[in-house]
Amino acid sequence: MKIIIKGGHVLDPANDIDGIFDILIEDGLISRIDSSIDESDAEIIQACDMLVIPGLVDIHTHMRDPGQEYKEDLISGTRAAVAGGVTSLACMPNTSPVNDNQAVTRFIIEKAKSQGVANVFPVGAISHGMDGEILSEMGDLKSAGCVAFSDDGKPVKSSELMRRALEYADTFDMPIISHAEDLSLVGEGCMNDGVVATELGLKGIPWVAEDAATAREIMLAEFTGARLHIAHVSTRGSVELVRQAKARGARVTCEVSPHHFTLSEEAVRGYNTNAKMNPPLRTQEDIEAIKEGLKDGTIDAIATDHAPHHIDEKNVEFPIALNGMIGLETLLPLTLQLVRDKDISLKQAVAMMTCQPAAIIGIDRGTLGIGRPADITIVDPERDWTVFAEDLFSKSKNTPFIGCRLKGVAARTLVAGKTVFERK
Amino acid sequence: MTFNPKHILGIKNLSAEELTFILDTAASFKEINSRDIKKVPILRGKTIINLFFEASTRTRTSFEIAGKRLSADTINITASASSVVKGETLEDTARNIEAMHPDIIVMRHSASGACEYLAQRLKCSIVNAGDGAHEHPSQALLDAFTIREHKGRIEGLTVTIAGDVTHSRVVRSNIYCLTKLGAKVRLVGPKTMMPPGIERLGCEVYTDLEKAISGVDCVMMLRIQRERQGKTLLPSLREYARFYGLNDRNIQLTKDDAIILHPGPMNRGVEISSVVADGKRSVILDQVENGVAVRMALLYLVAGGEKLKDS
Amino acid sequence: MATETIEILDFEGVNRALTRIAHEILEKNKGVDDLVLVGIRTGGSFLAAELKRKIAEIEQADVPLGNIDISMYRDDLGSRNNLSVGQTDILFSLTDKKIVLVDDVLFTGRTIRAAMDAIMDLGRPQNIQLAILIDRGHRELPIRPDYIGRNLPTARSERIEVVFDEQHSPRAVSLIRR
């Protein structure tokens, strides 16, 4: 079974490929990348004027499966992923039951393999039941297929437990992904603490709730020498903390979600619950600092924190609406906007969605290496489209971008050489 | 001018002319409240539902009397006791009530933005009786009415508001109302109760009560609610009374003819001493009296005039 | 469409009409005992003030004057363009008084009905009499004036305008025809 992707702008930062090339896929693997490939019996995919990149790797998603399938499941979630150009994703353990044991890990992997359309890599819980008390069986979870550990959704309150988690995970050469927030400082806050919250009369989450917790995580990481990845950075303080930690040689990486470099707290005006998330949308100054961090390499990856919620959970008064937005299907246009605004180069953008996140969770994806599975995304970077709820593949439609005009989209997505998504 | 709003959700989006129109209208309604027959037929046959999700005797009674004096049928629903406990959403509760064709729903809710939320979803008129820490438009209007009544004007006056600004919807509405009508507003309270960026709404922020009330024309004391703040914002009422309470000693710092306001209910001896509360400069009971007139004006303006059919 | 304005009463004409009405009021009520004037805002109020002045000239007696705003008693709440309400100030008791209600133009009679409702809410008068400068016809309710300045049959589309100067004295009455 031969496929040739012809004439696209191939960009693979991992292998330093950047130019107009054809790609030959044989039996689901990348066989050759050359300036002009002709094979008589091959299916041709025209990619003229398109950007051809490794299938995107999103290391922060919530698939809600098992237990909350009314919001999303591995089938709809992976469909949403490939529609957004994502071919490999890591899913967080705050399911029901929590992914703190090999049975849930195997369930996720098996269901994704048999019914899903993208590669799914589970993240196991740090603590049993995500209770923050007892370590989970990290060795067992790793052998079942987990790629990292996190209690995402919650911080690990006990510094002692976080220290031991870092040490124990390091024993198995696994990274800890930290959702860093100090809950006592967060209180009942439901948006960024600042002028907008004051005006709307909503309780605010001060930046120090994230920065203080991030500082603790970084110090514990340096103390233990273990691998730490900070999830969904949202403040300029956190960016600077990571920058300094890296300068000291700490094994710290971090990610940012597209909404945190696109929207500010102003998006909450009118009590828009689709703009309610944790960590909250911050100020314009924070957005500028994040863009700086993306440019100078402080931030390693762009990850969506895809957090589906049912309409009944968002169509309520602001203080009781659930936190989060879906993000898989808007990842590409929002990231490409950074390139258009000249905040980062196209190569940086692609690296932060492919090989860099892949390296953090230790999977050999996000590259167009010869002999690797042909996970490829063909992007139409110039195509304008409007986000309509009925066109989204996710079961949930909680995004503040509904009705917005965006530019750039996945035209076709292949997983192991098979087309799993094609845009009409 | 004429002013015929579908909803009254807050002061923020009203112009100075509209605010003045409401106050002038309230002045006409005030006279009715001292007649023998305290009723005019203007809202006869209209149904007004007071939907209160938060306990409040004074505001609810004020709206109820206002509606009845305009000859409307007013009904009080204390939603906290019933459907909410059973898990019914706000939208469902409201839609069920709307199905009984009220002309106006007067709502108080603990969530900021709740009135705007319903106004987007229901067809009838919504009057905000207080939403979370966001706005309390009828309170600000009756405060402005009382100040105007005693001082003859609002423009050029300096008004100090003291208390827990972070949790106060009364403060926010008052800042908008008083500044639009030309007054200067000072806020004072401990830093734990002062939200970030509040000065951007158009006021000066103080932490020292004596400095804040020096030479001002009006002082408005807000109620301190220990339960609401939790335990980390304020060590004790004793401390608060000592540093932020208005008493007959520090009241001397204000202008000789300064007036004292309080939205009620008062904590005697905490934010305001009995001597001041009962003294001749206190206009607290006038506020309550004017509250009925202001609410009559609001209900009348919302109910009256040409409405777009099926909007 | 051109509008035509016809002067019905000039300054002298208005003045004579009001003088005659003042005499008629005094004649019918045999003086000023228990007599009060109540003007309907705003045109009726100005005329009532004028009648009070004339009565004072004729009888050397002071008749109490009050004003009512009938906005809160009207029956057309849902279709009104202008929701302005004026002040009602009647600083004396109306109970057992002979009230002369004063308005500038009598048309359908609904304004007078509303005024009577307002008066009844304020007290229990001995009687209510109605003084009108212009009766333009087209009654929709059984209301009849006791004192009339001028009867003027009009078409529904026409308008009567009573012009007042800065001191609120009546100057002229015009008919405006489209």
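Here, the structure is the one placed above.
All values reported here derive from a predicted model rather than from experimental measurement. (Residues numbered from 1 in each chain as written. Chains lettered and ligands numbered in written order. Predicted model: local features only at pLDDT ≥ 70, side-chain atom pairs only at ≥ 80, totals over all residues. Heavy atoms only, no water.)

Quick notes on the overall build of chain C
How we decide: Helix and strand definitions here come from DSSP, where helices need a minimum of 4 consecutive H or I residues and strands a minimum of 2 consecutive E residues; each element is numbered from the N-terminal end. For each residue, the accessible area found with a 1.4 Å probe, counting protein chains only, is set against the maximum for its type, and the residue is called buried under 20%, exposed over 50%, and partly exposed in between. Contact criterion: two residues are considered in contact whenever any of their non-hydrogen atoms come within 4.5 Å of each other. Every accessible area reported is derived by Shrake-Rupley at a probe size of 1.4 Å, with residue values counting cover from the shown protein chains alone. Charge counting follows a simple rule: Lys and Arg are positive, Asp and Glu are negative, and His as well as the terminal groups are ignored. Every charge is mapped to an atom, namely NZ of Lys, CZ of Arg, CG of Asp or CD of Glu.
Regarding its fold elements, chain C presents three helices and eight strands. Secondary structure elements in chain C, listed N-terminal to C-terminal, are β-α-β-α-β-β-α-β-β-β-β. With the C-alpha coordinates of chain C rotated into their principal frame, the extents come out at 50 × 40 × 30 Å. When each of the 178 residues of chain C is scored for burial, the buried share is 49%. By sequence separation, contacts in chain C at least 24 residues apart represent 68% of the contacts at least 6 residues apart. Put simply, chain C shows about 8,700 Å² of open surface, and 47% of that area lies on carbon and sulfur atoms. Measuring between centres, the 24 positive side-chain charges of chain C sit 4 Å from its 28 negative side-chain charges.

Quick look at the interface of chain A and chain B
Going by this rule: What counts as buried area is the accessible surface, traced by a 1.4 Å probe, that two parts surrender upon association, with contributions from both included. Each reported salt bridge corresponds to a side-chain nitrogen of Lys or Arg within 4 Å of a carboxyl oxygen of Asp or Glu. A 3.5 Å cut-off defines polar contacts: any pair of N or O atoms within that distance qualifies, except that in protein one atom must be a possible hydrogen donor and the other a possible acceptor, and neighbouring residues in sequence count only when both atoms are side-chain atoms. Basically, the charged four are Asp, Glu, Lys and Arg, the nonpolar ten are Ala, Val, Leu, Ile, Met, Phe, Trp, Tyr, Cys and Pro, and anything else, Gly included, counts as polar.
Listed per partner, the contact involves 15 residues of chain A and 23 residues of chain B. Contact between chain A and chain B buries roughly 1,400 Å² in total, counting both sides, with carbon and sulfur atoms accounting for 54%. Together, Thr198, Glu199 and Glu317 of chain A form the three largest contributors to the area buried by chain A at its contact with chain B, with a combined 40%. Linking chain A with chain B are one salt bridge. The residue Lys12 of chain B makes a salt bridge to Glu199 of chain A at a minimum N-O spacing of 2.7 Å. Taken together, the links from chain A to chain B amount to eight residue pairs in polar contact (both at pLDDT 80 or more). In the side of chain A that touches chain B, the residues fall into six nonpolar, five polar and four charged.

Some words on a nonpolar patch on the surface
Stated precisely, the cut-off is as follows: A patch is a set of surface residues, each over 30% in relative accessible area and not in a salt bridge, joined within 9 Å for like charges and within 5 Å for the nonpolar side chains Val, Leu, Ile, Met, Phe, Trp and Tyr.
Where nonpolar side chains cluster on the molecular surface, the patch consists of Leu185, Trp207 and Val208 of chain A and spans about 270 Å² of accessible area. Tracing the backbone shows Val208 of chain A in helix H7 (residues 207–224).

Observations regarding the nonpolar core
What tends to happen in soluble globular proteins is that the nonpolar side chains get buried as a cluster. Let me state the cut-off plainly: Working definition of a nonpolar core: buried Ala, Val, Leu, Ile, Met, Phe, Trp, Tyr and Cys residues. They are joined through side-chain atoms within 4.5 Å.
Membership of the largest hydrophobic core comes to 88 residues, with the highest contact counts inside it found for Leu187 of chain B together with Ile68 of chain C. No other element matches the ten residues that helix H11 (residues 284–303) of chain B contributes to this core. Leaving out residues up to four positions away in the same chain, Ile68 of chain C has contacts with Val38, Gly39, Ile40, Arg41, Thr88, Ile90, Leu101, Ala115, Ala118, Ile119 and Leu122 of chain C.

Things to note about the arrangement of the chains
Contacts are most numerous between chains B and C, taken over all two pairs of chains that touch. Structurally, chain A and chain C remain out of contact, their C-alpha atoms never closer than 30 Å.

So, the interface of chain C and chain B
Tallying the contact residues gives 19 residues for chain C and 26 residues for chain B. Inspection of the region where chain C meets chain B yields zero salt bridges. Scanning the region where chain C abuts chain B turns up five residue pairs in polar contact (both at pLDDT 80 or more). Of the residues that constitute the side of chain C that touches chain B, the class distribution is seven nonpolar, nine polar and three charged.

What about the side chain of Thr146 of chain B?
All names here are of chain B. Structurally, the position occupied by Thr146 is in helix H5 (residues 137–151). Looking at Thr146, the relative accessible area reads 0%, which means it is buried. Setting aside residues up to four positions removed in sequence, Thr146 forms contacts with Leu261, Val283, Asp286, Gln287 and Asn290.

Considerations on unusual backbone geometry
With the exception of glycine, the majority of residues adopt a negative phi angle, and the majority of peptide bonds are in the trans configuration. Look at the link from Asp65 of chain A to Pro66 of chain A: it is a cis peptide, with omega at 10 degrees. In this fold, Pro66 of chain A is placed in the loop between strand E6 (56–61) and helix H1 (74–83). With an omega of 10 degrees, the peptide bond running from Ser96 of chain A to Pro97 of chain A counts as cis. Topologically, Pro97 of chain A is positioned in the loop between strand E7 (86–91) and helix H2 (102–115). The phi dihedral of Asp173 of chain A is positive, around 55 degrees, even though this residue is not glycine. Mapping Asp173 of chain A onto the fold places it in the loop between helix H4 (159–171) and strand E10 (176–178). You can call Asp173 of chain A partly exposed: its relative accessible area is 46%. Here the phi dihedral of Lys30 of chain C falls at roughly 50 degrees; this positive angle occurs in a residue that is not glycine.

Scope: geometric values only; no functional claims are made or implied.
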